[in-house]
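# Observations on chain architecture
Listed here are the chains, written in short residue letters.
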Amino acid sequence: MQAVVLEQFGAASHLAVHTVPDPRPGPGEVLLRVRACGVCYHDIINRRGSLPRTSVPAILGHEVAGEVIEVGAGVTGWSVGDRAATLQRLSCGKCPACRSGRPSLCKYDNRFFGEELAGGYAGLMAAPVAGLGRIPDGMRWEVAATVCCTAGTAVHVVRTRGRIAAGETVLVTGASGGVGLQTVQLARLDGARVIAITSSASKEAVLRRAGASEVIVSPALQFASEVRRLTHGEGVQAAIEIVGSATFAQTLKAMAPGGRVVVVGNLESGTIDLNPGLVIVKELEIIGAYATTQRELETALNLTHEGLLSPFVTEVLPLEGAAEAHHRLENREVTGRLVLSPDLQAPSAKEAP
Ligand SMILES: [Zn+2]
Ligand SMILES: [Zn+2]
């Protein structure tokens, strides 16, 4: 098969298409013909070598939609021809964390697509069925591929972890990315007032269309005083922190007493200086949010299928476009998601209908 292989960690130029042996489905797995794979900022962090569980050569990509073309031993409930989308990571389904509805905390099977498991920047991918959800009829492959990590993450952060209630004011950093736009939409759908933070004025219009009541454009990421002004000095009840270290201090200053900070992204893999006093006197909650669950993926697929959340697939590129996609994402040139499709052929891809 053709696959984008990361030969060594580092620059985007290390991503190149090679012919590699076809994968085979093991017990509990199906073989997918990959139809689309989203390009996520997580893939950039992975490509740089910041994720310890990945070893090179690697095939990246955890946002995969594909057609089942072979079913491995012991698999029930999946047949050839079924349409499947991946979760980001697996879980065992049996341990106390899994049984209590928190499979993101499972320690017994925490394999991640694109890390320990070969990912979807490829023509074929073997996938354990514990990491799959069903794609509704009629949903386009490139949309289905991105739902888990964008809308699914939004369900995880806004509903499960953030407990966002109608009438609350919610701050979203990194709001114009794939996760951010879905988070803005879902928080608005659930009745919250959304203040969106972006570093680029060109992204204000799309954020307003997604449902942001206010957009703060701050290339220097200094937004706390403006948030306080917009909330009459009160601050926000909840924040969805998608940027991480570069915005965390400002986010803390923008919180109302008793506020909840849901941390779901750390784009630069950086650290922070934190004054615990601020957390103490305001009784803030700092809440981590990791991977989408199968139930959340199902919810996200349905919300998207019903048109309540709009997907933001910006462009579909052939596998040969992987390095370009990383380059554009890294340079903040992307609003929404870029998707790779093995069905597209380079270099005539852009002329395809
Ligand atoms: Zn992702
Ligand atoms: Zn488990």
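The paragraphs below set out a description of the structure included in this document.

### A closer look at the overall build of the chain
- Assigned secondary structure in the chain consists of ten helices and 15 strands.
- Over its C-alpha trace the chain gives a radius of gyration of 20 Å, about what one expects of a compact globule, namely 20 Å for 353 residues.
- With the principal axes as the frame, the chain shows a C-alpha extent of 60 × 45 × 40 Å.
- With 353 residues in all, the chain has 56% of them scored as buried.
- A separation threshold of at least 6 residues defines the contact pool for the chain, and within that pool the share at least 24 residues apart is 70%.
- Just so you have it, the chain exposes about 14700 Å², and 52% of that area is on carbon and sulfur atoms.
- Each charge class in the chain was averaged separately, 33 positive and 34 negative side chains, and the resulting centres sit 5 Å apart.

### Re the coordination of the zinc ion (ligand 2)
- Ligation of the zinc ion (ligand 2) by protein atoms is provided by Cys 92 (SG), Cys 95 (SG), Cys 98 (SG) and Cys 106 (SG), these donors lying 2.3 to 2.4 Å from the ion.
- Around the zinc ion (ligand 2), the four donor atoms are arranged such that angles at the metal cover 106 to 115°; this shape is classified as tetrahedral.
- We note that the donor set of the zinc ion (ligand 2) lies within a single chain, spaced as C-x2-C-x2-C-x7-C. Residue Cys 95 is found in the loop between β5 (83-86) and α2 (96-99), and its partner Cys 106 is found in the loop between α2 and β6 (124-128); the two are separated by eleven residues along the sequence.

Criteria and thresholds
- Residues numbered from 1 in each chain as written.
- Chains lettered and ligands numbered in written order.
- Predicted model: local features only at pLDDT ≥ 70, side-chain atom pairs only at ≥ 80, totals over all residues.
- Heavy atoms only, no water.
- Helix = DSSP H or I, 4+ residues; strand = E, 2+ residues; numbered from the N terminus.
- Rg over C-alpha atoms; globule rule 2.2 N^0.38 Å.
- Buried < 20%, exposed > 50% of the residue type's maximum accessible area, 1.4 Å probe, protein only.
- Contact = heavy atoms within 4.5 Å.
- Areas by Shrake-Rupley, 256 points an atom, 1.4 Å probe, with all protein chains shown as cover.
- Lys, Arg positive; Asp, Glu negative; His and termini not counted.
- Charge placed at Lys NZ, Arg CZ, Asp CG, Glu CD.
- Donors = N, O, S within 2.8 Å, 3.2 Å for Na, K, Ca; no water.
- Tetrahedral: all angles 85-135°; square planar, octahedral: opposite > 155°, others 65-115°.

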